[in-house]
Amino acid sequence: MDLEVLNGLLTPKSVAVVGASATQGKIGHTVVKNLVDSNFAGGVFPINPGEDEILGFKCYKSVLDVDQPIDAAILTVPAKFVPGVVEECGKKGIKGLLIITSGFSEVGLVDLEKDLVKTANSYGMRILGPNIVGILSNSDNFNGSFAPFLPFNGSASLVTQSGALLIGIDAATTMKGIGFDKLISVGNMADVNFADLIEWLDQDKNTSVITLHVEGFREGRRVIDVSRKASKPIIALKAGVSAHGAAAAASHTGSLAGSEKIYQSAFVQAGIIQAEDLDNLFDRTLVLSLQPPLKGDNILIITNGGGVGVLATDAAEKYGIPLKFAPEDVQNDLKKYMPEFGSAKNPVDLTGMAGNEWYHDSVKSSYEHPWVHGMVVLYCETAMTDPLGIAKSIKAAVTESGIKDKPVTVSFIGGERSAAAIRWLVENGVPAYSAPDVALNAMAALWEYELIREDINNVPFEVKNVDRKAAYKVIEGARKEGREALTEIEAKRIFEAYDLPVTKSRIATTEDEALKLAKEIGFPIVMKILSPDILHKSDAGGVKVDINSEDEVRQNFNEILKNVKAYKPDAEILGIVIQEMAPWGTEVILGSVNDSTFGPTAMFGLGGIFVEVLKDVTFKVAPFSLKQAKAMIKEIKAAPILEGVRGEKPKDTDMLAETICKYANMIVDLKDEVAESDANPVLLYEKGNGLKVADARIILKKK
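Residues numbered from 1 in each chain as written. Predicted model: local features only at pLDDT ≥ 70, side-chain atom pairs only at ≥ 80, totals over all residues. Heavy atoms only, no water.

1. What to know about the overall build of the protein chain
Test applied: Helix numbers and strand numbers start at the N terminus; a helix is a DSSP run of H or I with at least 4 residues, a strand a run of E with at least 2. Throughout, exposure labels follow a simple rule: accessible area from a 1.4 Å probe, protein chains only, divided by the maximum for the residue type, with under 20% read as buried, over 50% as exposed, and the rest as partly exposed. Whether two residues touch is decided by their heavy atoms; if any such pair falls within 4.5 Å, the residues are in contact. For the area figures, the Shrake-Rupley method with a 1.4 Å probe applies, and any residue is considered shielded solely by the protein chains shown. His is not counted here, nor are the chain ends, while Lys and Arg score as positive and Asp and Glu score as negative. Lys charges are placed at NZ, Arg charges at CZ, Asp charges at CG and Glu charges at CD.
The number of helices and strands found in the protein chain is 24 helices and 29 strands. Its C-alpha atoms put the protein chain at 95 × 80 × 40 Å along the principal axes. Within the span of the protein chain, comprising 703 residues, buried residues form 57% of the whole. Summarising the internal contacts of the protein chain: among those between residues at least 6 apart in sequence, 72% fall at separations of at least 24. A total accessible area of about 29,000 Å² is found for the protein chain, and carbon and sulfur atoms account for 51% of it. Separation of charge centres in the protein chain, based on 75 positive and 93 negative side chains, amounts to 3 Å.

2. Things to note about the packing of aromatic side chains
Keep this limit in mind: In summary, the pairing rule links any two rings of Phe, Tyr or Trp, Trp by its six-membered ring, whose centres are within 6.5 Å, and it sorts them by plane angle into stacked for under 30 degrees, edge-to-face for over 60 and tilted for everything else. Geometrically, a lysine NZ or arginine CZ counts as sitting over a ring once it is within 6 Å of the ring centre and also within 35 degrees of the ring normal.
Counting across every chain of the model gives 12 aromatic pairs. Both rings, one in phenylalanine 180 and one in phenylalanine 282, keep their centres 6.2 Å apart while their planes meet at 75°; by these two values the pair is edge-to-face. Taken as a pair, phenylalanine 180 in strand E11 (residues 180-185) and phenylalanine 282 in helix H10 (residues 278-290) lie far apart in primary sequence, 102 residues in all. Each member of the pair phenylalanine 180 and phenylalanine 282 is classed as buried. Aromatic pair tyrosine 263 and phenylalanine 598: ring centres 5.0 Å apart, planes at 80°, arrangement edge-to-face. Of this pair, tyrosine 263 sits in helix H9 (residues 259-270) while phenylalanine 598 is found in the loop between strand E24 (586-595) and strand E25 (599-606), placing the two residues 335 residues apart along the sequence. Using a relative accessible area of 1% as the deciding quantity, one classes phenylalanine 598 as buried. Across the ring face of phenylalanine 325, the terminal group of lysine 345 is positioned such that the distance to the ring centre comes to 5.5 Å. The cationic tip of lysine 406 hangs over the ring face of tyrosine 367; the distance from NZ or CZ to the ring centre is 5.9 Å.

3. Some remarks on the sheet that holds strand E5 (residues 72-75)
In plain terms, the rule: What makes two strands pair is DSSP finding at least two bridges between them. To obtain each axis, a line is fitted to C-alpha atoms, and for helices this fit is confined to the stretch in contact; angles are then taken between N-to-C directions over 0 to 180 degrees.
Here we have 5 strands laid out as an open sheet, ordered E2-E1-E5-E6-E7, and parallel in their pairing. Lying at the two open borders of the sheet, with one neighbouring strand each, are strand E2 (43-47) and strand E7 (126-128). The mean angle between the axes of side-by-side strands here comes to 20°, regardless of whether they run parallel or antiparallel.

4. Some words on the environment of glycine 429
One can find glycine 429 in the loop between helix H15 (416-427) and strand E19 (432-433). Glycine 429 sits 34 residues away from lysine 395 along the chain, and the two C-alpha atoms are 8.7 Å apart.

5. What about the state of the cysteines?
Rules: Our working definition of a disulfide is a cysteine sulfur pair at a distance within 2.5 Å.
Under the defined criterion, the tally for this structure stands at 0 disulfides. Free of any disulfide, cysteine 59 has its nearest neighbouring cysteine sulfur in cysteine 89, separated by 14 Å. Residue classification places cysteine 59 among the buried residues on the basis of a relative accessible area of 9%.

6. Regarding unusual backbone geometry
Along the chain, phenylalanine 523 connects to proline 524 via a cis peptide bond; the corresponding omega equals -5°. Position of proline 524 among the secondary structure elements: in the loop between helix H19 (511-521) and strand E21 (525-530). Cis geometry marks the peptide bond from alanine 622 to proline 623; its omega dihedral reads -5°. Here proline 623 lies in the loop between strand E26 (617-621) and helix H22 (626-635). Within the chain, threonine 351 stands out as a residue other than glycine whose phi angle is a positive 75°. Classification of threonine 351 as buried rests on a relative accessible area of 6%.

7. Brief notes about empty space enclosed by the protein
Put simply, the test is: Any residue with an atom within 4 Å of a point lines the site, the site being either a cavity, points on a 1 Å grid over the protein atoms alone where a 1.4 Å probe fits but cannot get out, or a pocket, an open set with protein on both sides within 12 Å along at least 5 of 7 lines. Grid points are joined across faces, edges and corners, and a volume is the space filled by probe spheres set on the points. Amino acid classes used here: Ala, Val, Leu, Ile, Met, Phe, Trp, Tyr, Cys and Pro are nonpolar; Asp, Glu, Lys and Arg are charged; the rest, including Gly, are polar.
Following the criterion strictly, the structure yields 2 cavities of 30 Å³ or more and no others. What the largest cavity holds in volume is close to 80 Å³. When residues of the lining of the largest cavity are traced back to their parent elements, those giving at least two are E21 and strand E29 (696-700). Residues that form the lining of the largest cavity fall into these classes: 6 nonpolar, 2 polar and 3 charged. Top contributing element to the lining of the second largest cavity by residue count: E24, with 3 residues.

8. Let's talk about the pairing of strand E9 (residues 142-145)
A two-sided burial pattern is seen for E9, the buried positions comprising Phe142 and Gly144 on one face and Asn143 and Ser145 on the other. Linkage of strand E8 (residues 134-137) to E9, two consecutive antiparallel strands, is achieved through a turn of 4 residues, within which asparagine 141 is found at a positive phi near 45°.

9. Focus on the nonpolar core
Threshold: Working definition of a nonpolar core: buried Ala, Val, Leu, Ile, Met, Phe, Trp, Tyr and Cys residues. They are joined through side-chain atoms within 4.5 Å.
Judged by nonpolar contacts, the single largest core of 78 residues is most densely connected at Leu300, Tyr359, Met375, Val410, Phe412 and Leu440. If one sorts the elements of this core by residue count, helix H16 (residues 436-455) sits on top with 10 residues. Not counting chain neighbours up to four residues away, the residues in contact with leucine 440 comprise Ile299, Ile301, Ala312, Ala315, Ala316, Tyr319, Ile321 and Val376. Counting 56 residues, the second largest nonpolar core, distinct from the first, contains Val17, Val31, Ile262 and Val617.

10. Some details on the sheet that holds strand E13 (residues 234-238)
On the basis of which strands lie adjacent, the open sheet formed by 7 strands has the order E9-E8-E11-E10-E12-E13-E14 and mixed pairing. Strands with a single pairing partner mark the edges of an open sheet, and in this sheet they are E9 and strand E14 (273-274). Both strand E10 (residues 153-160) and E11 contribute to a ladder of 6 bridges, which runs parallel. Residue leucine 158 lies in a different strand from E11, and its bridge partner there is leucine 183.

11. With respect to the side chain of threonine 207
Inclusion rule: Polar contact is the term for a pair of N or O atoms within 3.5 Å; when the atoms are in protein, one must be able to donate a hydrogen and the other to accept it, and sequence-neighboring residues count only if both atoms are side-chain atoms.
Within the secondary structure layout, threonine 207 lies in the loop between helix H6 (194-203) and strand E12 (209-214). In this structure the side chain of threonine 207 is engaged in a polar contact, spanning 2.6 Å, whose partner is the side chain of aspartate 204. Discounting residues that sit within four places of it in the chain, threonine 207 has contacts with Ser155, Ser157, Lys182, Leu201 and Lys232.

12. Here we look at the packing of helix H17 (residues 468-480) against helix H18 (residues 488-497)
For any two helices packed against each other, one specifies the crossing angle of their axes together with the interaxial distance. Which entries qualify depends on this criterion: Roughly parallel here means an angle under 35 degrees, roughly antiparallel means over 145, roughly perpendicular means 65 to 115, and every remaining angle is called oblique. What makes a crossing left-handed is the near helix being turned counterclockwise from the far one by less than a right angle; a clockwise turn instead makes it right-handed.
Axis separation between H17 and H18 bottoms out at 8 Å; the angle between their running directions is 160°. Taken together, the axis directions place H17 and H18 in an arrangement best described as roughly antiparallel. In this structure, the crossing between H17 and H18 has a hand that is left-handed. Across from Ala470, Ala471, Val474, Ile475 and Ala478 in H17, the residues of H18 making contact are Glu490, Arg493, Ile494 and Ala497.

13. Overview of the confidence of the model for the protein chain
Applicable threshold: A residue's pLDDT is the confidence the predictor assigns to it, expressed on a 0 to 100 scale.
Confidence in the prediction of the protein chain, expressed as mean pLDDT, is 93, and 97% of residues score 70 or more. With pLDDT under 50 throughout, residues 243-255 is counted as low confidence; its partners more than four residues away or in other chains account for 39 contacts.

14. Let's talk about the environment of isoleucine 494
Here isoleucine 494 shows up in helix H18. Sequence spacing of isoleucine 494 and lysine 469 is 25 residues, and the spatial spacing of their C-alpha atoms is 9.8 Å. Ignoring any residue separated from it by four or fewer positions in sequence, one finds isoleucine 494 in contact with Ala471, Val474, Ile475, Leu486, Met666, Leu670 and Ile698.

15. Some remarks on H16
Cut-off, in case you're wondering: The length a helix should cover is 1.5 Å for every residue beyond the first.
Here H16 is 20 residues long and its end C-alpha atoms lie 29 Å apart, about the 28 Å a rise of 1.5 Å per residue gives. By the criterion of burial, H16 is predominantly enclosed, with 15 of the 20 residues buried.

See below:
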């Protein structure tokens, strides 16, 4: 990251507006006016060869005519003029370009956009956009955009790909009272992207939380890397979660991989907190900008109504921080601030009789107790109390405690008076919401942030027994034959090269050879078709199991050939695999895709024929640590089966986690060669007995 250049682009001290206009309603006029209205203190240089003056500023024919240094240029001219303007800006020594103009890659003109970046970078300039709304910054009094006004002031900074959404958010911040220092539109991300902005905002003294609205990353792995290093909370809302690439996928994994699952996993690995929707993005941004992380899972809920306490209890469990009863000493102290029919257990019900004093004293005494890691305070509006008075009592209790490392969230349920109290709390540093479940979700965000930051620095698992030469020899052999789909035998050889436990397999081309190999391996055996044209063998009737005699070998040899020829008459048949029949085990699947955004990505899930029906799978960007692999195993819905249920003994999940890590290292090592792969089924045995990869599939990248 070139800090000086990005500073000039994102916090300029002087700005040229190329395409500035004296005509109201034109973007070039709006940008200049917004700079004036936001009280921008730096130099403003309108550029328009047909004007002498715009809004009191001298107008220039070109940036080259300006006799002062210019940090950034905002371009609003038509697309056909942009290349020439970029060249002039480079010659002028401008640091960065905010290209509002549209009509580039978003309409198919990819090469034109690439040329802009190439020209800009040759002069040391960076481009934000094209096709952006611009930048709004409260701390710089800078509205370099065509959005109407600076956002409600705060310490979060938002980066979004959607210009229309930025304008909507700009207006909503004032209505919601949720403050942002900066709103940044990235548009097409031809040059400056999310990774650049995360890195820059993490060093920005005016930003406490980095908020992202993401349609897609350009440099997915770099986003993970810079986010893991960030010292500030990052929260993201991912838009556009439809599956990608499934139609053309040749493996189970390819058909199951979707942008939503992979992005969700990548966010976790990057230490990025996720938002469910736009309201949730606002709500979580607010709490992350105002409160410290939740350092433990003991949260105490204080309320003046039992019903709202039940709603909060349900929400706490839903969001992963289920309530525990408060310790006896906490309960005894709380009983001082409620009538006999109140409850001090958790949630704490002060009853509808609670006024300012009870709220103040109960919050302060329990907040100071070491058992309490965080507090959620709820209030239902009553005729006997003033919501603003309750709000001030809560704030006073927290302030008087002197505690800085315990979070508090609040919810007021009521009318206009409660809404005003919520606004007062937010303006005074306490995140407050109009519904109890939202206050609990906000607290959960602080818990997620704590947990996620603990996990991101785990060192990836290292595989020691690797024979890369053997793996590449197999790949080279297939390439010479013009094949992208490896045979099962070839795939297993590559798996073996990375120390993955595969079943013994041999190739037979005749009945007699099949019989000979069956005797060598030992009954029972499995027989499977070997053909580069038959990837899903069961579909073709190309798999026979539990074969126990010579007669069965001969019978199944011919039956498999008959089935396959009927299924695909022109299939190239290389032979029939004679394979040891591993003992029955719980079937799981390992898989991989070479994702266009994040690169090698591993999948784990319930295996066998059910994988595409149940879709009980999880993804993780490779490589990763043993701890992360174990977390991956627990993420699937079928995880209890692996832990042992209804008399079943626990499965060897330790060996499974190690195998997943080895598999992940393999796909990273072979990322330039392998597009997709599966190990399905993987037969998982009882704890201490390991596992076996019964079938393997690898699809190479097209070259």
